[in-house]
Number of protein chains: 2
Amino acid sequence: MNAVGKKTGSEFSERLNTGGFRFTPQRQQVYDVLLQKRDHPTAEEVFIRAKKQMPEISHATVYNCLDALVECGLLRQVQLDRGATRFCPNMREHCHFYCDVCDSVYDVDLPAKSQPGVSLPKGFKAERYEIAIHGVCPDCAKAKMKK
Amino acid sequence: MNAVGKKTGSEFSERLNTGGFRFTPQRQQVYDVLLQKRDHPTAEEVFIRAKKQMPEISHATVYNCLDALVECGLLRQVQLDRGATRFCPNMREHCHFYCDVCDSVYDVDLPAKSQPGVSLPKGFKAERYEIAIHGVCPDCAKAKMKK
DNA sequence: GTCAAGATTTGGAATAATTCTAAATTGTGG
DNA sequence: CCACAATTTAGAATTATTCCAAATCTTGAC
Ligand SMILES: [Mn+2]
Ligand SMILES: [Mn+2]
Ligand SMILES: [Zn+2]
Ligand SMILES: [Zn+2]
């Protein structure tokens, strides 16, 4: 993996295979859309962007591809508010800042040793943590001040 | 507030007032439903339960009430998966354990000094943190073992 | 290479979740 | 009592996601 987390074609293909999926142009296209603009788009947004390059791609396929890519560890799924699910190709450990004013989403790196020291009651098996920070982004904070 | 976080009628009413809302029987009913079974129900679930006591209550009212109660700090809204938003009357600092197998949700207390030491880039104003732990609950873990 | 089986895609229908709208009802203060 | 604003209501509308059956593609066996 290089600096921005982009994978070579063969790495991408391998990752799909080990997850039990085949390589398909649609899956590649959906993944490319996610890499091109890292603004945590919704499935609908991905569909719109993917159609520009691949006009025949269908809505259902975008959902299928997104699910497959999440399942094989190439994408993360992010739930932030009542709206649609968003997707993120950054697989480094990070959390999300969500601006409650403009709905934008930013990746926020977590300090090296971060796993929140939560102690779970006996019997619970934790698989992953999702941390979301709600607040106001710099642009909206500035806009608010002027008011 | 007593041990389980339940508020007296007048505390409830005051909280609404300071948020700029009136007391209404529907708001009380919705809040009571949340207190009665702390399983993080969805709006639809709240609607079904509220109707048992108040058969004329409408769908839209349940959404309105939930939003009002969230806005005045009597409920928390919780986003865990692609499904419907859930609601929680526990206003102590806590996070959520979500069982990916059976969709159940559990409150998990956070250690006293907990605020994840995330340093936000300049300009971002954090208002609240939401931590979700995805994994397998004790019941589902047991069921898995038997297999 | 041909063929069958399984995986994937497609368009559209179906369902689920939420929001909107306009009219009726309720509560408040004058 | 009256005017006014807040709230509720039923149902329509919209948004998000899932489901379905038919078409297409891929792969492995022969
Ligand atoms: Mn991200
Ligand atoms: Mn909770
Ligand atoms: Zn913003
Ligand atoms: Zn479970």
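These numbers were taken from a predicted model, which means no experiment stands behind them. (Residues numbered from 1 in each chain as written. Chains lettered and ligands numbered in written order. Predicted model: local features only at pLDDT ≥ 70, side-chain atom pairs only at ≥ 80, totals over all residues. Heavy atoms only, no water.)

### A few points about the relation of the copies chain B and chain A
(1) Moving on: Once turned by 180 degrees and shifted 0.0 Å along the axis, chain B lies on chain A with an RMSD of 0.0 Å. Such a turn and shift between the copies fits a two-fold axis. Across chain B, the smallest distance between a C-alpha and the rotation axis is recorded for B:Ile131, namely 2.3 Å.
(2) Moving on: Comparing interface residues between copies, 100% of those in chain B also sit at the interface in chain A, which points to an isologous, same-surface contact. (Least-squares fit on C-alpha atoms with pLDDT ≥ 70 in both. Contact = heavy atoms within 4.5 Å.)

### Concerning the interface of chain B and chain A
(1) Moving on: Opposite the 39 residues of chain B that make contact, chain A presents 39 residues.
(2) Moving on: Here chain B packs against chain A, burying approximately 3000 Å² in sum over the two surfaces, 62% of which is carbon and sulfur.
(3) Moving on: Among the ionic pairs, B:Asp67 bridges to A:Arg82, the shortest N-O distance being 2.9 Å.
(4) Moving on: Inspection of the chain B/chain A interface yields ten residue pairs in polar contact (both at pLDDT 80 or more).
(5) Moving on: For the side of chain B that touches chain A, the secondary-structure elements that each account for two or more residues are helix H4 (59-71), strand E3 (94-99), strand E4 (105-109), strand E5 (125-136) and helix H5 (138-146) of chain B.
(6) Moving on: No other element matches E5(B), which puts twelve residues into the side of chain B that touches chain A. (Buried area = accessible area lost by both parts, 1.4 Å probe. Salt bridge = Lys/Arg side-chain N within 4 Å of Asp/Glu carboxyl O. Polar contact = N/O pair within 3.5 Å; in protein donor to acceptor, adjacent residues only side chain to side chain. Helix = DSSP H or I, 4+ residues; strand = E, 2+ residues; numbered from the N terminus.)

### Some remarks on the packing of aromatic side chains
All names here are of chain A.
(1) Moving on: In this structure the tally under the stated criterion is ten aromatic pairs over all chains.
(2) Moving on: Seen from their ring centres, Phe 12 and Tyr 31 are 4.8 Å apart, and the 20 degrees between their planes marks the pair as stacked. Of the two residues, Phe 12 sits in helix H1 (residues 9-18) while Tyr 31 sits in helix H2 (residues 25-36), which places them 19 residues apart along the sequence.
(3) Moving on: Assessed through its relative accessible area of 1%, Tyr 31 is described here as buried.
(4) Moving on: Taken together, the ring pairs in this structure connect Phe 12, Phe 23 and Tyr 31 into an aromatic cluster. (Phe/Tyr/Trp six-rings, centres within 6.5 Å; stacked < 30°, edge-to-face > 60°. Buried < 20%, exposed > 50% of the residue type's maximum accessible area, 1.4 Å probe, protein only.)

### Some words on the domain arrangement of chain A
Residues and elements named next belong to chain A.
(1) Moving on: Split by domain assignment, chain A resolves into domain 1 (9-78) and domain 2 (92-146).
(2) Moving on: With centres defined by C-alpha atoms, the gap from domain 1 to domain 2 works out at 24 Å.
(3) Moving on: On the side of domain 2, six residues touch domain 1, which itself brings four residues to the contact.
(4) Moving on: Where domain 1 abuts domain 2, roughly 500 Å² becomes buried across the two surfaces, and 40% of that area is made up of carbon and sulfur atoms.
(5) Moving on: Three residues, His 40, Arg 76 and Val 78, lead the burial of domain 1 against domain 2; their summed loss comes to 86% of the area buried on that side.
(6) Moving on: Summed over the shared surface of domain 1 and domain 2, the result is one salt bridge.
(7) Moving on: Here Arg 76 ties to Glu 130 by a salt bridge, and the two come within 2.8 Å at their closest N and O atoms.
(8) Moving on: There are four residue pairs in polar contact (both at pLDDT 80 or more) connecting domain 1 and domain 2. (Domains from an automatic or database assignment.)

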